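If you want the building blocks of each chain, they are given just below.
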Amino acid sequence: MFAGSCSAQHLCIIKQTNTNQQKTNKMKKIVIIAASIFAFASAANAQSASATATQSVSLSLTNAIAITFTGSGTSTGGAVTIPFATVADYTSGVASSAQQLKVQSNKNFTVTVNANAANFTYTGSTTPSPTMPVSGVLALEVTANGTGGTIASPFSSSSYSTLTSTAQNLITNATYGGNQTFSVQYNATPGFAYPAGTYATSVVYTATQL
């Protein structure tokens, strides 16, 4: 009879036991949840820790400028040869090919030009050596100007002006930059007063920051 049924008292005891067991299980769940929350909070606090270090970086710039020939990539351009082969060459003069120069500057600048001497250097068989002046014989024209500056008088982009051994303004108030280019072309008119030979001079371009 005991195995098949249960008295009210037994039922009461069983219910009480089940209730206690449920409370125990609930308490265990609460403890587990609380422990999980605490662990999560501890992990979150550990992840939010930080430290900062600061360092000052300064750039020390100086004024810088360079002028180069784009053909050679250096401040020394390739030699320019102007041949005179016919009477028409002596009568009308002969022009060279265009020569491009580049200025790199972190300030606005001016470009001047001059021959390194008042007279050409002569190489040939005539003695005594003839004297050919640069002024009146060798002239220059600015064929392109990408500097942002102004071509200075007497030079222009439409006609030739003679070179001298005294520095003359070629381009004024040019704009700073890393690729400020301009091109020039020479024209020589020696006439018939000079014998055969090679007459040479160096043309100097100077870029100066403003």
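You'll find the structure just up there.
Below is a short write-up of the structure.

So, how was this worked out
- Residues numbered from 1 in each chain as written.
- Predicted model: local features only at pLDDT ≥ 70, side-chain atom pairs only at ≥ 80, totals over all residues.
- Heavy atoms only, no water.
- Helix = DSSP H or I, 4+ residues; strand = E, 2+ residues; numbered from the N terminus.
- Contact = heavy atoms within 4.5 Å.
- Areas by Shrake-Rupley, 256 points an atom, 1.4 Å probe, with all protein chains shown as cover.
- Pairing = 2+ DSSP bridges.
- 1 Å grid on protein atoms, 1.4 Å probe; cavity = no way out; pocket = protein on both sides within 12 Å on 5 of 7 lines; lining within 4 Å.
- Points joined across faces, edges and corners; volume = space filled by probe spheres on them.
- Nonpolar A, V, L, I, M, F, W, Y, C, P; charged D, E, K, R; others polar.
- Buried < 20%, exposed > 50% of the residue type's maximum accessible area, 1.4 Å probe, protein only.
- Patch = residues over 30% accessible without salt bridge, like charges linked within 9 Å, V, L, I, M, F, W, Y side chains within 5 Å.
- Salt bridge = Lys/Arg side-chain N within 4 Å of Asp/Glu carboxyl O.
- Core = buried A, V, L, I, M, F, W, Y, C linked by side-chain atoms within 4.5 Å.

Our focus in this paragraph is the overall build of the chain. Looking only at helices and strands, the chain features two helices and twelve strands. Each helix and strand of the chain, placed in order from N terminus to C terminus, yields the pattern α-β-α-β-β-β-β-β-β-β-β-β-β-β. The contacts in the chain between residues at least 6 apart in sequence include a share of 75% that link residues at least 24 apart. For the chain, the exposed surface amounts to about 13500 Å²; the carbon and sulfur share of it is 56%.

In this section: the sheet that holds strand β7 (residues 150-151). Strands sit in the order β7-β9-β4-β12 across an open sheet of four strands; the sheet is antiparallel. Looking at strand neighbours, the two that pair on one side only are β7 and β12 (203-209), the edges of this open sheet. Both strand β4 (residues 109-115) and strand β9 (residues 168-174) contribute to a ladder of four bridges, which runs antiparallel. Residue pairing across strands places F109 opposite A174, the latter belonging to β9.

This paragraph deals with the layout of surface pockets. Considering only enclosed or pocket space, the largest pocket measures out at about 830 Å³ in volume. Along the walls of the largest pocket sit 32 residues, with V80, I82, F120, Y199 and A200 positioned nearest its centre. Looking at the lining of the largest pocket, the elements with two or more residues in it are β10 (177-188), β11 (198-200) and β12. Per element, the largest residue contribution to the lining of the largest pocket is three residues, and it comes from β11. In terms of residue class, the lining of the largest pocket is built from 21 nonpolar, eleven polar and no charged.

The step from T127 to P128 runs through a cis peptide bond, and the omega angle for that step is -10°. One can find P128 in the loop between β5 (121-123) and β6 (138-145). Cis rather than trans, the peptide bond between S153 and P154 has omega equal to 15°.

When you tally the buried positions in β10, you get ten out of twelve residues, the bulk of the element. With two bridges joining them, strand β2 (residues 94-95) and β10 adopt antiparallel strand pairing. Across the sheet, residue A95 finds its bridge partner in β10, namely N187. In this structure, strand β3 (residues 99-105) lies alongside β10, joined through six bridges in antiparallel fashion. If you follow V103 over to β10, its bridge partner there is Q180. Bridge analysis of β6 against β10 gives seven bridges, and the strand direction is antiparallel. From the neighbouring strand, N145 faces β10, where its bridge partner is F182.

Right, let's get into a nonpolar patch on the surface. On the surface, a nonpolar cluster with roughly 410 Å² of combined accessible area is contributed by V57, L59 and L61. The topology assignment puts V57 in the loop between α1 (8-47) and β1 (65-69). Since its relative accessible area comes to 70%, V57 is described here as exposed.

This brings us to the side chain of E141. By the secondary structure assignment, E141 is in strand β6. Leave out the neighbours within four places in its chain, and E141 touches S156, S157, S158, S159, Y160, S183, V184 and Q185.

Time to look at the nonpolar core. V111, L140, L170, F182 and Y205 are the most contacted members of the largest nonpolar core, which has 28 residues in total. Looking at this core, the elements with two or more residues in it are β1, β3, β4, β6, β9, β10 and β12.

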